[in-house]
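Observations on chain architecture
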Amino acid sequence: MLGSVFHQIVSAKIQNGLSILLQNAYLLVIVLYFYKKSTAMIKAGVLGAGHLGKIHLRLLSQSDQFELIGFYDPNPEIAALVSKEFGYTSYSKLDALIDAVDMIDIVTPTLFHFEVAKQAIEKGKHVFIEKPICQTKSELNLIYSHYKKNNIVMRSNFPLRTTPRFIDLKSD
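Our subject in this report is the structure included herewith. Just so it is clear, the structure is predicted and the values come from calculations on it, not from any experiment.

Parameters and conventions
- Residues numbered from 1 in each chain as written.
- Predicted model: local features only at pLDDT ≥ 70, side-chain atom pairs only at ≥ 80, totals over all residues.
- Heavy atoms only, no water.
- Pairing = 2+ DSSP bridges.
- Helix = DSSP H or I, 4+ residues; strand = E, 2+ residues; numbered from the N terminus.
- Buried < 20%, exposed > 50% of the residue type's maximum accessible area, 1.4 Å probe, protein only.
- Phe/Tyr/Trp six-rings, centres within 6.5 Å; stacked < 30°, edge-to-face > 60°.
- Contact = heavy atoms within 4.5 Å.

Examining the sheet that holds strand β3 (residues 90-91)
The 6 strands are arranged β3-β2-β1-β4-β5-β6 in an open sheet whose pairing can be described as parallel. Each end of this open sheet is capped by a strand with a single partner; those strands are β3 and β6 (154-156). Pairing of strand β2 (residues 66-72) with β3, which is carried by 2 bridges, proceeds in the parallel orientation. Across the sheet, F71 pairs through a bridge with S90, a residue of β3.

Structure (structure tokens):
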């Protein structure tokens, strides 16, 4: 039944013209809603403020489902520029951002996915992570075991699975 609800919501979001990223983020919201049994906005933080990070920041700040708390980027020059240009709160310490939110959106280079995901999961934070989730199968297995042990919600961005072309391929 829950899968059917997800499909209906994704289909509705596609018809409303929302971006693929936001569709996946809404799936996370739905999962968290059922997990938390709450309608409160989800406090979100973004790790990484590069090209994709800025897109994630913009979409989260425009969402009525998320409260964008801020972002962390290890490059202080990029962090200052993004904060000044868009008005988002920049955190100088990764731990401080993770502690301040319910959900972390990981938009770092893949090389760093494992460490930051592990850190967020160990602190009981829900995770939305760009693909690939990790660099190796062993890292993925460790992330999976941490995820199961800490009872959090974890989603990855799979934008092609909801595009009409991919849906047509699946139906053949």
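Following the structure, the description resumes.
Looking at the environment of K93
Its place among the elements puts K93 in the loop between β3 and α5 (94-100). When its relative accessible area of 57% is taken as the criterion, K93 is described as exposed. Here the alpha-carbon distance between K93 and F71, two residues 22 residues apart in the chain, equals 9.7 Å.

Some remarks on the packing of aromatic side chains
The geometry of an aromatic ring pair comes down to the distance between the two centres and the angle between the two planes. Applying the stated criterion across every chain, the model contains 1 aromatic pair. Considering the side-chain rings of F86 and Y88, the 5.8 Å spacing of their centres and the 15 degrees angle between planes classify their relative orientation as stacked. What makes Y88 buried here is its relative accessible area of 11%.

Examining unusual backbone geometry
Despite not being glycine, N151 shows a phi value in the positive range, around 55 degrees. Tracing the sequence through the fold places N151 in the loop between α7 (137-150) and β6.

Points about the environment of F71
Examined against the element boundaries, F71 turns out to sit in strand β2. The spatial distance from the C-alpha of F71 to the C-alpha of I98 is 9.5 Å, given a sequence separation of 27 residues. Leave out the neighbours within four places in its chain, and F71 touches V46, A49, L57, A79, V82, S83, Y88, T89, S90, Y91 and L97.

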